[in-house]
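The lines below spell out each chain.
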Amino acid sequence: MKIGFIGLGRMGSHMARNLAAAGHEVAAFDVLPEAVSRVAETPGIRAATSVTDAARDADLVCSSLPAPDSVEEIAAGEGGLAESMRSGAVYIDLSTNAPSVVRRLQPILAEKGITMLDAPVAGGTGGAEKAKLSIMVGGDEATYEQMKPVLSALGNKLFYCGDIGAGSVVKLCNNIAAQGYNLVLGEVLTMGVKAGVDLKTLATVIGSSTGTVQRLVNAYPNGLFRRAFLPAPFSISLSAKDTRLALELASEVGVPMQTGEAVRRDQLVLLERNLGELSTDALVQIQEDRAGVVLEIDEADLPLQFMQFQAQAPALAPKREGK
C-alpha cells in the first residue's frame with residue numbers, strides 16, 4: 001500500500017519506519033527537514049517535500065501531530081489533504097486530538113470522497129518503536145476492518161470505539177485517568193513517607209493490595225458495572241472511617257490532600273443517604289448523579305478481560321435493584 005505519513009516526531013518517526021518494515025511504500029513529511037532526512041534513511045521511505053507530495057498518490061495518509069490546529073491545517077488548509085488526496089483514499093489521524101475537531105474535519109473530507117478515522121495511540125515512544133501501541137479507533141467500522149492490517153503494523157492492541165471522534169474521546173479519558181492516578185498516588189505516598197514509612201515499603205504494599213489502580217478490571221465488573229452495590233464486609237461506612245483517619249494523619253504531618261478531601265465529601269453524602277453499608281463501588285454513584293450518567297454494562301456485553309476475571313471470582317449475591 002502507498003502511505004503518506006505526516007509528522008515525524010518522537011512517535012511518528014517510529015510509526016513511519018514500522019509501516020515501511022511491514023512492506024508499505026511510505027512518503028514521509030515533516031515541517032522539520034532534518035526529521036524527514038533521518039526517517040528517509042530507512043529503506044522503503046521516500047522523503048516528501050510537502051503535505052501535497054506525501055498525499056498525492058497515497059492510498060492512505062496517516063498523521064501524528066502535536067496539536068488539533070496542526071491537524072486542521074494539514075487536513076483542511078491550503079495544499080492540505082482535502083485538496084491533494086484522491087477520492088477513495090483513507091486518512092487516519094493518529095494524534096491525540098479534540099473530538100470536536102475530528103468531527104468537523106470528517107464531513108469536509110467526505111465531500112472529497114476521503115474517509116477519515118481518528119485513531120489516537122497510547123504506549124509512549126517505546127511502544128511506538130516496538131509496534132506495541134494501543135490504538136483507539138473511531139469512524140466507519142468497515143473502513144476500520146479494512147485498515148486493521150496497517151494498524152497492526154503500529155500496535156498490538158486495536159480497539160474499535162465507535163463513530164468518528166470516539167477514539168479521541170476514549171484516549172482523553174484514558175490519559176486523564178492516568179494522571180488522576182498519579183495525583184492520588186502522589187498524595188498517599190507523600191503522606192506515608194512524611195508519616196515515617198519507607199517509600200519502598202509503601203509502594204510494595206499498595207501495589208500488591210486494594211490500593212492499586214486495577215479496579216477498572218478487577219472490581220468494577222462485579223460491582224459498579226452490574227449495579228451490584230451489595231452490603232459488603234468493607235463498606236462505605238468503614239471506608240469513610242478510614243478516610244477520616246487518613247485525612248487526620250495528613251493534617252498532623254502537614255500534607256495537603258485535595259483528592260482525599262473530595263473522597264471524604266462524597267462518602268459523607270452516601271452516609272447521609274443511609275447507604276453506608278453498601279460496597280465501596282457505590283461511591284461512584286455521586287459522580288453519576290452529577291454527570292447524569294449511569295455506568296452500567298449488561299453482563300452479556302462485558303468485555304472479555306472482565307469475564308475472565310469474573311470466572312476466577314467468587315459468585316455474587318443477587319443483583320440489587322436500582323441505585
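A brief structural summary. Residue positions are given per chain, counted from 1 along the sequence in the order it is written. Totals for whole chains, interfaces and linings use every residue, but because this is a predicted model, local features are given only for residues with pLDDT of at least 70 and side-chain atom pairs only at 80 or more, for both listing and counting. Only heavy atoms go into the side-chain values, all of them from the structure, while hydrogens and water stay out.

### A look at helix α13 (residues 258–272)
Worth spelling out the cut-off: In this description a helix means any DSSP run of H or I spanning at least four residues, a strand means any run of E spanning at least two, and both kinds are numbered starting from the N terminus. Helix span, as expected, comes to 1.5 Å for every residue beyond the first. Here the term buried applies to any residue with accessible area under 20% of the maximum for its type, exposed to any over 50%, and partly exposed to those in between, with areas from a 1.4 Å probe on protein chains only.
For α13, which comprises 15 residues, the first-to-last C-alpha distance of 21 Å matches the rise-based estimate of 21 Å (1.5 Å per residue) to within 8%. Buried residues of α13: Thr259, Gly260, Arg264, Asp266, Gln267 and Leu270, and no others. Just downstream of α13, asparagine 274 is the residue with a positive phi angle, here 60°.

### What to know about the environment of glycine 12
Stated formally: Residue contacts are defined here by distance: any two heavy atoms, one from each residue, within 4.5 Å place the two residues in contact.
In this structure, glycine 12 sits in helix α1 (residues 12–21). Residue glycine 12 is classed as buried on the basis of its relative accessible area, which comes to 1%. Sequence spacing of glycine 12 and serine 63 is 51 residues, and the spatial spacing of their C-alpha atoms is 7.6 Å. Those residues within four positions of glycine 12 in sequence are excluded, and the remaining contacts are Phe5, Gly7 and Ser64.

### Concerning the pattern of salt bridges
We apply this condition: Think of a salt bridge as a Lys or Arg side-chain nitrogen and an Asp or Glu carboxyl oxygen that are within 4 Å of each other.
One pass over the structure, following the stated rule, counts 10 salt bridges. For glutamate 288, the salt bridge is made with arginine 227, and the minimal N-O distance between the two is 2.8 Å. Within this pair, whereas glutamate 288 is found in helix α14 (residues 284–291), its partner arginine 227 is found in the loop between α11 (215–218) and α12 (236–253), the two being separated by 61 residues in sequence. For arginine 227, a relative accessible area of 4% translates into the label buried. A salt bridge links lysine 241 to aspartate 242; its shortest N-O distance comes to 2.8 Å. You can call lysine 241 partly exposed: its relative accessible area is 36%.

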